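The residues making up each chain are set out below.
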Amino acid sequence: DKASITKANVLLANGSYIGGVIENVYAKATVDAPAGSYYQPLSNLSLNPHSTYRGRIKVGKKVITKPYLLITNRHDPQKRFDYVIRALKKILKQYHKVSLVIPGPFTDHTRELIKLVLRLKIKNKVIFLGQISEDELQGLYKNAAVYCYPAPEEDYGLGPLEAGGWGVPTVAWRHGGPTVTIEDGVTGFLAEPYSVKDYAHKILTLLENPKLRAKMGKAAWERTKDDFSWNNHVDILEKEIHNTLNS
């Protein structure tokens, strides 16, 4: 690790947060080359409150009633889905219509999450979809009210940008990679680390303010398009390749 990093002609970092960590550890300058995401045409976004908060969508054999929260990470312990599940329990005391949708292949950890859902007595409000197609995943992004990114130790995290590409705001922690991809109060909210109460409050703020949710969703789309698109990422790589070859 040390040799490959310190001897490199150019050191590319996946976002300025982890770039700063690398520079602090290895005392070598990095080039900010954050991973990019695709963004949808503006006409494809569900920014109208009527389409985001009303109706149903079908994924496989499951029928999902809007509005819903969405998580799309792997079912691993370090992704900390349990924070959102516990936040949902608090949210339901005030906002009864929302549910939480979790796609992705089941793992050993999925069983632990299901046990937590049963203990909290919110079985009917958490939907585990299992493996789904790419088209179904994009449909979930498009129709989600809020995207949740609860992993507390991510060096970058692409999920908020993928959601932003569909005009969906994100709630994450004020720590790590999401501090780069989410502009707090503009494209989503950054909750105080490990405070389930604050995480729930941030989600509720979006659910109870459809106009704010639409405004933040539009801002998230613009951020993905202007600052974190796939084309921007490739342009950075191309520039550094040419510079290295020419030197």
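Preceding this paragraph is the structure being described.
Let us look at the structure shown here. (Residues numbered from 1 in each chain as written. Predicted model: local features only at pLDDT ≥ 70, side-chain atom pairs only at ≥ 80, totals over all residues. Heavy atoms only, no water.)

## Topic: the packing of aromatic side chains
Argument step 1. Per the counting criterion, the structure on display carries 9 aromatic pairs.
Argument step 2. Note on Tyr 147 and Tyr 149: the rings are 6.4 Å apart at their centroids and 35 degrees apart in plane angle, and the pair reads as tilted.
Argument step 3. According to the relative accessible area criterion, Tyr 149 is buried, its value standing at 2%.
Argument step 4. Grouped by ring-pair contacts, the aromatic residues Tyr 83, Trp 173, Tyr 194 and Tyr 199 constitute a single cluster. (Phe/Tyr/Trp six-rings, centres within 6.5 Å; stacked < 30°, edge-to-face > 60°. Buried < 20%, exposed > 50% of the residue type's maximum accessible area, 1.4 Å probe, protein only.)

## Structural notes on the environment of Ser 16
Argument step 1. Summarising the element assignment, Ser 16 is placed in helix H2 (residues 16-26).
Argument step 2. By relative accessible area, Ser 16 is classed as partly exposed at 44%.
Argument step 3. Considered as a pair, Ser 16 and Gly 176 are 160 residues apart in the sequence and their alpha carbons are 9.9 Å apart.
Argument step 4. Apart from residues no more than four positions distant in its own chain, Ser 16 is found in contact with Asp 32 and Val 180. (Helix = DSSP H or I, 4+ residues; strand = E, 2+ residues; numbered from the N terminus. Contact = heavy atoms within 4.5 Å.)

## Observations concerning a nonpolar patch on the surface
Argument step 1. The grouping of Tyr 38, Trp 230 and Val 234 at the surface amounts to a nonpolar patch, some 330 Å² of accessible area in total.
Argument step 2. Within the secondary structure, Tyr 38 sits in the loop between strand E2 (31-32) and helix H3 (49-53).
Argument step 3. A relative accessible area of 60% means that Tyr 38 is categorised as exposed. (Patch = residues over 30% accessible without salt bridge, like charges linked within 9 Å, V, L, I, M, F, W, Y side chains within 5 Å. Areas by Shrake-Rupley, 256 points an atom, 1.4 Å probe, with all protein chains shown as cover. Salt bridge = Lys/Arg side-chain N within 4 Å of Asp/Glu carboxyl O.)

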